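Okay, here's what each chain looks like letter by letter:
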Amino acid sequence: MAVKDKVLAIIAEQAVMDVGDVTMESTLEDLGLDSLALVEAIFAIEEAFDISVPFNANEPSKNEFDISSVAAIVRAVEDLVAAKAA
């Protein structure tokens, strides 16, 4: 499964939505994800890809990990996966 597809599936699961309802343009707010769901999504992403996501739930605005949209999250995860493989 491609990184994009897996990330979309994880986000959809946390949002309790069908994967088809999650678009790359969606924001976490659009999807109704609260801070707890975001943290659970981050943990699921870390586990699925065996990576460490640079995200501090206590200070989400000061993170290197861009959570501004689903597309931004996918790009960030793709970058972390690529860095791990290098």
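Residues numbered from 1 in each chain as written. Predicted model: local features only at pLDDT ≥ 70, side-chain atom pairs only at ≥ 80, totals over all residues. Heavy atoms only, no water.

Points about the nonpolar core
Heads up, the rule is: What we call a nonpolar core is a set of buried Ala, Val, Leu, Ile, Met, Phe, Trp, Tyr and Cys residues that are connected through their side-chain atoms within 4.5 Å. Throughout this description, buried means an accessible area under 20% of the type-specific maximum (1.4 Å probe, protein chains only), exposed means over 50%, and partly exposed covers the range between. Secondary structure elements are defined from DSSP: runs of H or I of at least 4 residues count as helices, runs of E of at least 2 residues count as strands, and each element is numbered from the N terminus. We call two residues contacting when some pair of their heavy atoms lies within 4.5 Å.
One finds V7, I11, I45, F65, I73 and V77 to be the most contacted residues of the largest nonpolar core, which totals 26 residues. Counting residues per element, the ones that place at least two in this core are helix 1 (3-15), helix 2 (35-49) and helix 3 (70-85). Residue contributions to this core peak at 7 residues, all from helix 1. Residues contacting V77, with those up to four places away along its chain left out, are V3, V7, I45, F49, I51 and F65.

A short note on empty space enclosed by the protein
Sizing a probe to match a water molecule and rolling it over the atoms shows the empty space that remains. Applied cut-off: Using only the protein atoms, space was sampled on a 1 Å grid; points where a 1.4 Å probe fits but cannot get out form cavities, open sets with protein on both sides within 12 Å along at least five of seven lines form pockets, and lining residues are those with an atom within 4 Å of a point. Grid points are joined across faces, edges and corners, and a volume is the space filled by probe spheres set on the points. Note on residue categories: nonpolar means Ala, Val, Leu, Ile, Met, Phe, Trp, Tyr, Cys or Pro, charged means Asp, Glu, Lys or Arg, and polar means any other residue, Gly included.
Applying the stated criterion to the full structure yields 1 cavity of 30 Å³ or more. Considered as a void within the structure, the largest cavity measures approximately 40 Å³ in volume. Contributing to the lining of the largest cavity are I11, L28, L33, L38, A41, I42, I45, F65 and I73. Of the residues in the lining of the largest cavity, the class split is 9 nonpolar, no polar and no charged.

Description of the side chain of E46
Which entries qualify depends on this criterion: Working convention for charge: Lys and Arg count positive, Asp and Glu count negative, and His plus the chain ends are omitted. Any carboxyl oxygen of Asp or Glu that lies within 4 Å of a side-chain nitrogen of Lys or Arg is treated as forming a salt bridge with it.
Within the secondary structure layout, E46 lies in helix 2. Although E46 lies buried, it forms no salt bridge, and the closest oppositely charged side chain, K84, sits 12 Å away as judged by the N-O distance. Residue contacts for E46: discarding those within four places in its chain leaves I51, S52 and V53.

Examining unusual backbone geometry
The phi angle at V16 is positive, at roughly 55°, despite the residue not being glycine. Following the sequence through the fold, V16 ends up in the loop between helix 1 and helix 2. At D50, a position not held by glycine, the phi torsion is positive, near 50°. Mapped onto the elements, D50 comes out in the loop between helix 2 and helix 3. What makes D50 exposed here is its relative accessible area of 55%.

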